[in-house]
Amino acid sequence: MTEAWVQFISSVEVGVALFAALQLYLQDRREADARPRHARKGLAAFLILSALSGFELLFDQSGFYDEVPILVGVLWPFRLFYGPVLLVYVLDMTRTPDVAWPMRLKLVIWGPAIAAFVASLSFFILPAPLRQTVYGLSDADTPFAIIVVLVFRGLFLVMTLAYLSAAFWVLTRHLKTVRQIFSNIENRTLSWLRAVLLIMLAAWSWAAITTVFLFSLISDPVIDLVDALVECAWIVTLGLYGLWQTPVYRDQTDAPQTLEPVEKYARSALSAERQAQIAGRLDAVMQRDKLYRDPMLSLSALASRLAVSPNHLSQSLNGHLGTSFFDYVNRLRVEEAVTRIRRTSDPLLTIAYDVGFNSRSTFNLAVKKTTGRTPSAFREG
């Protein structure tokens, strides 16, 4: 019964992965002349590789490998490209639009994976009975078979965990960057992708532990079922959110290339006096013209209004005011919202939209973070 469920879930996994990959490819084709182009090829490639993994589990559970033993393990080496293609998607989503990748970066991304793929092909020079034992198709446990399992599982886990960790690091830096550029960051943080990466890191970390401490060559049907469920869950999530995700940077004025990292500010020529001057002008303009009410307000647009560079404005915010652009603008929005909540009977959602928030959820989170209370608490008080 368990094996039947594994086959069913694997079939769903394959179908969803291939359907989502096709839709991503078609969307990418439709946007071929658009700028910035929303790169989806990396995610589509990851879903196709996931479909191959689903096929592998189907072949194993259905007895296909018993009938055609020469194909045992033929799909496994492609798993080594899980990490690189997912990292490519993350880098594509977070990089400046229309900027070409340097060759050195391409080598860093693809070099280790290609080398590991070539090394994994040595599996196919092993005797057929040994390959079957490794895949649990034979009960003949041997010390050498255990070594093969440890080596090849270890190769996959080390490679994949390294790539996923790099992707998570890129997303963490990206979150800090968008907070310096945008006043509303919905659909720009890629938080859903960070959550999926955490699930993958947890799943494959657990696999690394079992690889080290459990040496059984025969797969447990319950473990196969859990693996199939977890993998199917992240494939569905990646497919749905990948199709839904809009570009983070819609044009060059949105892009972060004009900003220096915060740690470089100390070496900048912008003096503390100049920072204070810009910060004072910023406060005056924001209070007078209520620019924070614009839900699409960006650092570049505000810098243009103040006739300063985006980098100098960001440096003044971080260096003099000790805050990011996102936190600064949302603090002003919250202050006006709280005042209106206390003094008027306007609906909370109306107030949220009027002061510049795009949704009720972000409004509630911002008020709670800034004041420690929910919006409704101010009206009740």
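Please read these numbers as outputs of a predicted model, since none were measured by experiment.

Draft legend 1. Structural context of helix α2 (residues 41-62). With 22 residues, α2 should reach 32 Å at 1.5 Å per residue; the first-to-last C-alpha distance of 31 Å fits that figure. Of the residues trailing α2, Gly63 is marked for its positive phi of about 90 degrees.

Draft legend 2. Representation of the pattern of salt bridges. Using the criterion set out here, one finds ten salt bridges in the structure. Asp327 serves as the salt-bridge partner of Arg179, at 2.5 Å between the closest nitrogen and oxygen. In this pair, Arg179 sits in helix α7 (residues 143-181) while Asp327 sits in helix α13 (residues 325-343), placing the two residues 148 residues apart along the sequence. On the basis of relative accessible area, Asp327 is assigned to the partly exposed category, the value being 27%. Between Asp346 and Arg340 there is a salt bridge, and its shortest N-O distance comes to 2.8 Å. Arg340 gets classed as buried once you look at its relative accessible area, which sits at 19%. When salt bridges that share partners are traced, they join Arg179, Asp327 and Lys369 into one network.

Draft legend 3. Looking closely at the packing of aromatic side chains. Tallied over the full model, the rule gives 19 aromatic pairs. When the centroid spacing of 5.2 Å and the interplanar angle of 45 degrees are considered together, the rings of Phe46 and Tyr82 count as tilted. One end of the pair, Phe46, is in helix α2; the other, Tyr82, is in helix α4 (residues 82-94), and 36 residues separate them in sequence. Relative to Tyr65, the ring of Phe64 has its centre 6.2 Å away and its plane inclined at 55 degrees; by these criteria the two rings are tilted.

Draft legend 4. Structural context of a nonpolar patch on the surface. Nonpolar side chains collect at one region of the surface, where Val236, Leu240, Tyr241 and Trp244 lie side by side and expose about 390 Å² of accessible area between them. Inspection of the secondary structure assignment puts Leu240 in helix α9 (residues 221-244). What makes Leu240 exposed here is its relative accessible area of 56%.

Draft legend 5. Quick look at helix α1 (residues 2-30). A rise of 1.5 Å per residue sets the reference length of α1, with its 29 residues, at 42 Å; its end C-alpha atoms lie 42 Å apart and thus fit the reference within 8%. All buried positions along α1 are accounted for by Val6, Ile9, Ser10, Glu13, Val14, Ala17, Ala20, Ala21, Leu24, Gln27 and Asp28.

Draft legend 6. Region of interest: unusual backbone geometry. At Leu190, a position not held by glycine, the phi torsion is positive, near 60 degrees. Topologically, Leu190 is positioned in the loop between α7 and α8 (191-213). A residue is classified by how much of its surface remains accessible, and Leu190, at 1% relative accessible area, is buried. Unlike most non-glycine residues, Ala307 shows phi in positive territory, near 60 degrees.

Draft legend 7. Structural detail: the packing of α2 against α9. Orientation of α2 relative to α9, taken along the N-to-C sense of each, is 155 degrees, at an axis distance of 11 Å. Relative to α9, the element α2 is oriented roughly antiparallel. The two elements α2 and α9 meet at a crossing, and its hand is left-handed. For the pair α2 and α9, contact is made by Leu43, Phe46, Leu47, Ser50, Ser53, Leu57 and Gln61 and by Asp224, Ala228, Glu231, Trp234, Ile235, Leu238, Gly239 and Gly242, respectively. When grouped by side-chain class, the residues that make up the contact of α2 with α9 number eight nonpolar, five polar and two charged.

Draft legend 8. Region of interest: the nonpolar core. Core analysis: the biggest nonpolar cluster contains 67 residues, and Phe46, Leu47, Leu193, Met200, Trp204, Trp234 and Leu238 have the highest contact counts within it. If you list the elements that add at least two residues to this core, you get α1, α2, α4, α5 (103-120), α6 (128-134), α7, α8 and α9. When residues in this core are grouped by element, the largest group, 15 residues, is from α7. The contacts of Leu193, once residues within four sequence positions are left out, are Tyr89, Val90, Leu171 and Leu238. In terms of nonpolar packing, the next biggest core, distinct from the first, is built from 19 residues, Tyr292, Leu297, Ala303 and Leu306 among them.

Draft legend 9. Structural detail: the packing of helix α11 (residues 299-306) against helix α12 (residues 310-319). Close contact between α11 and α12 brings their axes to 8 Å; oriented N to C, the two are set at 100 degrees. One element, α11, and the other, α12, form an angle in the roughly perpendicular class. Across the interface between the two elements, Leu299, Ser300, Leu302, Ala303 and Leu306 of α11 pack against Pro310, Leu313, Ser314 and Leu317 of α12. Across the contact of α11 with α12, the residue classes tally to seven nonpolar, two polar and no charged.

The rules behind these values
- In this convention, every chain numbers its residues from 1, walking through the sequence in written order.
- In keeping with the predicted nature of the model, local features appear solely for residues at pLDDT of at least 70, side-chain atom pairs appear and are counted solely at 80 or more, and the whole-chain, interface and lining totals rest on all residues.
- Side-chain descriptors were evaluated using all non-hydrogen atoms of the structure, hydrogens and water having been removed beforehand.
- Only DSSP runs of H or I with at least four residues qualify as helices, and only runs of E with at least two residues qualify as strands; both kinds are numbered from the N terminus onward.
- Here the expected span of a helix is defined as 1.5 Å times the quantity of residues minus one.
- Just to be clear on terms, a salt bridge is a Lys or Arg side-chain nitrogen sitting within 4 Å of an Asp or Glu carboxyl oxygen.
- For each residue, the accessible area found with a 1.4 Å probe, counting protein chains only, is set against the maximum for its type, and the residue is called buried under 20%, exposed over 50%, and partly exposed in between.
- Pairs were defined over the aromatic rings of Phe, Tyr and Trp, the Trp ring being its six-membered one, requiring ring centres within 6.5 Å. Orientation was assigned from the angle between planes: stacked under 30 degrees, edge-to-face over 60, tilted for the rest.
- The patches reported here contain residues having more than 30% relative accessible area and no salt bridge. Joining distances are 9 Å for like charges and 5 Å for nonpolar side chains (Val, Leu, Ile, Met, Phe, Trp, Tyr).
- Note on areas: Shrake-Rupley with a 1.4 Å probe; residue coverage comes only from the protein chains shown.
- Angles run from 0 to 180 degrees between N-to-C directions of axes, and those axes are lines fitted to C-alpha atoms, restricted for helices to the stretch in contact.
- What sets the label is the angle itself: under 35 degrees gives roughly parallel, over 145 gives roughly antiparallel, 65 to 115 gives roughly perpendicular, and the rest give oblique.
- Less than a right angle of anticlockwise turn of the near helix away from the far helix marks a crossing as left-handed, whereas a clockwise turn marks it as right-handed.
- Between two residues, a contact is recorded if the distance between any of their heavy atoms is within 4.5 Å.
- Just so you know the grouping, Ala, Val, Leu, Ile, Met, Phe, Trp, Tyr, Cys and Pro go in nonpolar, Asp, Glu, Lys and Arg go in charged, and all remaining residues, Gly too, go in polar.
- Nine residue types can take part in a nonpolar core, namely buried Ala, Val, Leu, Ile, Met, Phe, Trp, Tyr and Cys, and a core is a set of them joined through side-chain atoms within 4.5 Å.

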